Amino acid sequence: MGMEQLIIATVILFFSSMIQAMIGFAFNLISIPLLIWSGFSLAQSVALTSIPILVQLIINTWKLHDDVIWRDVLPLAAIRYVTLPIGIALLYLINNLDTTLIKQLVGVML
């Protein structure tokens, strides 16, 4: 990744974070299409957006850990971890498609 791509990714992630902070959602809804449009692959886009999401998840969990009803959260977390390999496999299969088709798939999913 060159310096130009790093700057583009930083600006996109910053912009998406600002939108997330203002309205409470839409980080990936904005950042993934913009990163793909900027020339990143789907796998790179997902990896780049996973870092800020992980940081936000850790901070929110830490701040709210006393208020979380863990017996309600644990089954959902288990589902997330069980389906993660399926998502990674689908990402690998989709990432091997033509770039134009990937952009169309992302557009349809949005």
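Structural notes, computed from the coordinates. (Residues numbered from 1 in each chain as written. Predicted model: local features only at pLDDT ≥ 70, side-chain atom pairs only at ≥ 80, totals over all residues. Heavy atoms only, no water.)

With that out of the way, let us pick up the environment of F40. If you trace the backbone, F40 turns up in the loop between α2 (27–37) and α3 (42–64). Along the backbone, F40 and Q5 are 35 residues apart, and their C-alpha atoms lie at a distance of 8.3 Å. The contacts of F40, once residues within four sequence positions are left out, are M1, Q5, I8, A9, L35, S45 and L48. (Helix = DSSP H or I, 4+ residues; strand = E, 2+ residues; numbered from the N terminus. Contact = heavy atoms within 4.5 Å.)

In terms of nonpolar packing, the biggest core is built from 7 residues, these being A9, I12, L13, F27, L35, F40 and L48. Every element with two or more residues in this core is listed here: α1 (3–23) and α2. A per-element tally of this core places α1 first, with 3 residues. Sequence-distant contacts of L13, that is, excluding residues within four places in its chain, are made with F27, S31, L35, L48 and T49. Judged by nonpolar contacts, the second largest core, of 6 residues, contains I32, I36, I102 and V106. (Core = buried A, V, L, I, M, F, W, Y, C linked by side-chain atoms within 4.5 Å. Buried < 20%, exposed > 50% of the residue type's maximum accessible area, 1.4 Å probe, protein only.)

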